[in-house]
Amino acid sequence: MNLSALPRHADRAGRWAAIALGASIPVSVAFDNLLLLVVLAGWILGGQWADKRAAMRNAVAVCALLLFGLLALGTLWGNQPIADARTYLLKYLDLAFIPLFAYFFREAGTRRIGLWALAGSLLVTLLLSFLIKFGVIERGALIEGTTLSPVVFKFRITHNLFMAFAAFLFALMALEARINRDRAAWGVLALLAAVNVTLMVEGATGYVVLGLLALLLILSRLPARIALGAVIALVAVSAILVTVPGPLSQRVTTLSAEIRDWTPDKAARNSSAGFRLEFYSNTLRIVADHPLTGVGTGGFPSAYAEKVRGTAMVPTRNPHNEYLHIAAQIGLIGLAALLTLFAMQWNTAKWLSTRLETDLARGLVVTIAAGCLFNSFLLDHAEGLFFAWMTGLLFAGLKSGKS
C-alpha cells in the first residue's frame, strides 16, 4: 500500500469502526474492544488534525475530558493497590474516547448510519427476546436468557436499560417517519420494546428509565393541551402495570418489602435493596471522611472494606451509585464535574443539528443520569461505552459557534 494513502485508509477504517460500535455495544464485549482499537488507530494515523482539535474543543467533550483527567489525577493519591488504580482508570477510559467519536461522526450522514446501526442491533435484540420467551430459541453460547427471563446478549439490568432506550428511539423514529406504513411499524416496535421491559424482563432500573423517557417524550413532542392528558394516562398505565402479575409487579413488591425491612447499621441479608441502602450509607460516610479529594481512583474497594471491617456487612467493589462512587474516589469536585457533564449535555442539546438528535441527546442524559442512581454505569462496560459512543455521535453535530 502506498504510504501516502495510509492516513486516508486509516481515517476510513476508524470511521467505519465507530459506526460498527453502534451494532456491537448491545451484543459483544470482545467486538467492542476490537473496534475501539481500530477507532484509536484510525484516529492516530488518519491525519485531519484541524478537525480533531475542533472535536476536542467541543464543550461536551471538554467536560468529559475534564472528568477523565480528574480520575487520572486520582490515581496519584490514596492507599489503593496500583492494580486497582489502573483497573478502575481503564474502566473510565471510554470518557476519553468521546472526542474521538465526535471527530468520526462530524458528518450528518455518518451520524445517521451510526444511529441505524444501533437501531438495528436493538431491534435484533428485541426480536430474539420474544423468540426466547415463546420457546423458539433456547439458551446457548450467545443467548443468556430463558423463557422466564428472556434476556439475550446481556444480563437483565443492561438488557432492560437498552430496551427502555430502544422504546424511546423507536418512538422517535415513528414520529420522524413520513410514510404511514413506516410510522406504524416503528410505533409497534416501540410498544413491543416497552412490553419487553415491563412484562417480560425483571429490572427496576429499566422500569424507572422507561417511565422517565416516556415522560420526556410526552413533554418534548406533544402540545401542552395534550401533554397533560398523556401524563395522566402514563401514571394510570404505570399504576395498572404494578398490579398486573409479572416481573414488574413482583419486583416492586419485593423492593418495597426489602426497603421496609432495612435497618441502618445492621447487615443486610439476601436483599437487593437492602444491600444497596447499606452500600449508600457506608459510602456516604467515606465521602464525609474525604470530602475534597476522596480516597483516590480505584481506592473505593479498600476504603469500603476498612469501613465495614469488624461488622457482618459485606465488602463491595462499587456502591451501585455512580454519584457516590465518583465522590468517594475523587471528592466533591469530581461529583461536580460529573454533574456538569450531564448539565452541559442537556443544555447544549438544543443546539444540535436536528430535533431527533436533540431529543436523543436529552434521552441519553435521562437514561444514564437516572441509571447512575442505582448503578455505577460509567464503570460498567456496556453502559459506559454506550454513553460515550452516543455522546460523541450526537454532540458531534453541535452547531458551529455553540461549543
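Scroll up to find the structure.
The rules behind these values
- Residues numbered from 1 in each chain as written.
- Predicted model: local features only at pLDDT ≥ 70, side-chain atom pairs only at ≥ 80, totals over all residues.
- Heavy atoms only, no water.
- Core = buried A, V, L, I, M, F, W, Y, C linked by side-chain atoms within 4.5 Å.
- Buried < 20%, exposed > 50% of the residue type's maximum accessible area, 1.4 Å probe, protein only.
- Helix = DSSP H or I, 4+ residues; strand = E, 2+ residues; numbered from the N terminus.
- Expected span 1.5 Å × (residues − 1).
- Arc of directions from axis to C-beta.
- Phe/Tyr/Trp six-rings, centres within 6.5 Å; stacked < 30°, edge-to-face > 60°.
- Lys NZ or Arg CZ within 6 Å of the ring centre and 35° of its normal.

*Asks:* Hey, could you run me through the nonpolar core in this one?
*Replies:* A general trend in soluble globular proteins is that nonpolar side chains are found buried together. By size, the foremost hydrophobic cluster in this structure holds 115 residues, and its most contacted members are Phe-101 and Phe-170. Sort the elements by how many residues they give to this core and helix α8 (residues 156–176) lands first, with 14 residues. Counting residues in each nonpolar core, the second largest holds 5 residues, with Leu-128, Ile-132, Ile-143 and Val-152 among its members.

*Asks:* Would you take a moment to explain helix α11 (residues 224–243) for this structure?
*Replies:* Along an α-helix, residues three or four apart share an orientation, since each turn contains 3.6 residues. With 20 residues, α11 should reach 28 Å at 1.5 Å per residue; the first-to-last C-alpha distance of 29 Å fits that figure. Those residues of α11 not exposed but buried are Ala-227, Ala-230 and Leu-241. Along the axis of α11, the buried positions cluster into a sector of 60 degrees, meaning they face one direction only. Along α11, exposed side chains directed more than 90 degrees from the buried face belong to Arg-225, Leu-228, Ile-232, Val-235, Ile-240 and Thr-243.

*Asks:* Help me understand the packing of aromatic side chains, please; the structure alone is not making it clear to me.
*Replies:* Aromatic rings in a pair are described by how distant their centres are and how their planes are angled relative to each other. Evaluation of the coordinates by the stated rule reveals 15 aromatic pairs. Here Phe-279 and Tyr-304 contribute two aromatic rings whose centre-to-centre distance is 5.9 Å and whose plane-to-plane angle is 80 degrees, an arrangement assigned as edge-to-face. A residue pair is termed long-range when its members are at least 10 positions apart, and Phe-279 in helix α13 (residues 272–289) and Tyr-304 in helix α14 (residues 300–307) qualify at 25 residues. A single burial state applies to Phe-279 and to Tyr-304, both of which are buried. Three or more aromatic residues joined by ring pairs make a cluster, and in this case those are Phe-162, Phe-165, Phe-168 and Phe-386. Over the ring of Trp-43 we find Lys-52, and its NZ or CZ is 5.2 Å from the ring centre.

*Asks:* What exactly am I supposed to notice about the environment of Ala-72 here?
*Replies:* The residue Ala-72 is located in helix α4 (residues 59–73) in this model. As a C-alpha pair, Ala-72 and Asp-289 span 217 residues in sequence and 21 Å in three-dimensional space.

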